[in-house]
Each structure stands twice: as C-alpha cells, then as structure tokens.
Amino acid sequence: MKRTILIRVSFLVCLGTFGLTVNAATAVAPSAAAGNAPSTSAKSEETFLTGTFSGDDIELKLDPKGRFVLSGGAVGKSLHGNWTMEKSGLHTLLRLSADEKNEEDWLFGVRSRNTLQAVDEGKLKVLDRPLDINEDAGVLTRVK
C-alpha cells in the first residue's frame, strides 16, 4: 500500500515539474515572437538556411554572408542580392532584395529547415495550413 502511494506521489511531482517547464517555455515564446529574442537566435536561424534550394524551375543559393543568387527559367535572368530573415506573427520569412533597384523583393515563408514557399506579403495565411506539394506553387526544397 505504501509503495503505491509513493509511486503516485512521485508521478505527481514529475508531472508538476513537467507542467512548470512547459509553462515557462510558452511564457518565453511570445517575447521571442515579438522581436525580443537574443541575437544568437536570429543568427542560428540565418545559419541553418544557407545552402541551395530548388523547385518549380527556380534555383536559390543562399550564402552565409547574406547574399543570394536566384536563377532558372521561371526567373528569366539571374538575380543577385541580399537576403534577410523576418518575423511576421508566428511566421518566419525570407526576404530577397535584388541588387537591381527596379526588381521587387521576393518573399518566402520558411516551412522547415528544408522547405521554403513563395508568398505574397498580404497573404501569409497560406503558411497556416499544411503544404500540398501537388497544388502549392513556389515550393523550394533543399538540394542534398
């Protein structure tokens, strides 16, 4: 009988500790989403994106110094410029600003470490639903 009580008490203590950990993590998340996150967090996001992505007749190369090359039949002539990471609510966005000032910025939603999706700035709700690789246009995946 005492053993059963001891097991129950241990379980409740562990469950309470887990609940405090979860509550602490969710309490920190809104401040990070509001832009109060430490710069190391932003740096790690930028670092994991570097590499080459392709899809829909587009190839995107992101270098660790914040430069990009966007090429392929869907683009026409290759574009060169700077890339930056942004937060818009819960979404992480990748903005490509071409060196040529007459070119509009390209905007991609970061779906995962390996998947980007072209989005319109005013229509980010497309990032709230699951990705349909067969229907969604502008999906780029990391080249292995």
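Residues numbered from 1 in each chain as written. Predicted model: local features only at pLDDT ≥ 70, side-chain atom pairs only at ≥ 80, totals over all residues. Heavy atoms only, no water.

Colleague: Would you explain the sheet that holds strand β6 (residues 106-112) in this entry?
Modeller: Backbone hydrogen bonds are what pair the strands of a sheet, in a parallel or an antiparallel way. Taken in spatial order, the 8 strands of this closed barrel run β1-β2-β3-β4-β5-β6-β7-β8, and their pairing is antiparallel. Each strand axis lies, on average, 30° off the axis of its neighbour in the sheet, ignoring direction. (Pairing = 2+ DSSP bridges. Helix = DSSP H or I, 4+ residues; strand = E, 2+ residues; numbered from the N terminus. Axes fitted to C-alpha atoms, helices over the stretch in contact; angles between N-to-C directions.)

Colleague: Looking at this structure, I do not really get the confidence of the model for the protein chain. What am I missing?
Modeller: Detailed reading of predicted coordinates is not advised where the pLDDT is low. Predicted confidence across the protein chain gives a mean pLDDT of 74, with 67% of residues reaching 70 or more. Ignoring residues within four places in sequence, the model shows residues 3-7, a span with pLDDT below 50, making 0 contacts including any to other chains. Confidence drops under a pLDDT of 50 for residues 9-44, and excluding neighbours within four residues, the segment shows 4 contacts in the predicted structure. (pLDDT = per-residue confidence, 0-100. Contact = heavy atoms within 4.5 Å.)

Colleague: Help me understand the nonpolar core, please; the structure alone is not making it clear to me.
Modeller: Nonpolar side chains in soluble globular proteins generally cluster together in the buried interior. One finds L49, L60, L62, L94, L96 and L116 to be the most contacted residues of the largest nonpolar core, which totals 17 residues. Breaking this core down by element, the ones donating at least two residues are β2 (58-62), β3 (67-71), β4 (79-88), β5 (91-98) and β6. By size, the runner-up hydrophobic cluster in this structure holds 5 residues, among which are L93, L107, V119 and L124. (Core = buried A, V, L, I, M, F, W, Y, C linked by side-chain atoms within 4.5 Å. Buried < 20%, exposed > 50% of the residue type's maximum accessible area, 1.4 Å probe, protein only.)

Colleague: Sorry if this is basic, but what is going on with the pattern of salt bridges here?
Modeller: Per the stated rule, a full pass over the model turns up 7 salt bridges. One salt bridge in this structure joins E59 and K61, with 3.7 Å as the shortest N-O distance. Classification of K61 by relative accessible area gives partly exposed; the value is 41%. Where D136 meets R129, a salt bridge forms, and the shortest distance between an N and an O atom there is 2.7 Å. (Salt bridge = Lys/Arg side-chain N within 4 Å of Asp/Glu carboxyl O.)

Colleague: Got a minute to help me understand unusual backbone geometry in this structure?
Modeller: Note: most residues except glycine have negative phi, and most peptide bonds are trans. Not every positive phi belongs to a glycine, and D56 is a case in point at roughly 50°. With respect to the element layout, D56 can be found in the loop between β1 (51-55) and β2. According to the relative accessible area criterion, D56 is partly exposed, its value standing at 42%. With phi around 60°, D57 is a residue other than glycine that occupies positive phi space. Within the element layout of this structure, D57 appears in the loop between β1 and β2.

Colleague: Teacher, can you tell me more about the side chain of T115 here?
Modeller: Relative to the helices and strands, T115 is located in strand β7 (residues 115-118). Since its relative accessible area comes to 14%, T115 is described here as buried. Sequence-distant contacts of T115, that is, excluding residues within four places in its chain, are made with F53, G109, V110, L131, V139, L140 and T141.

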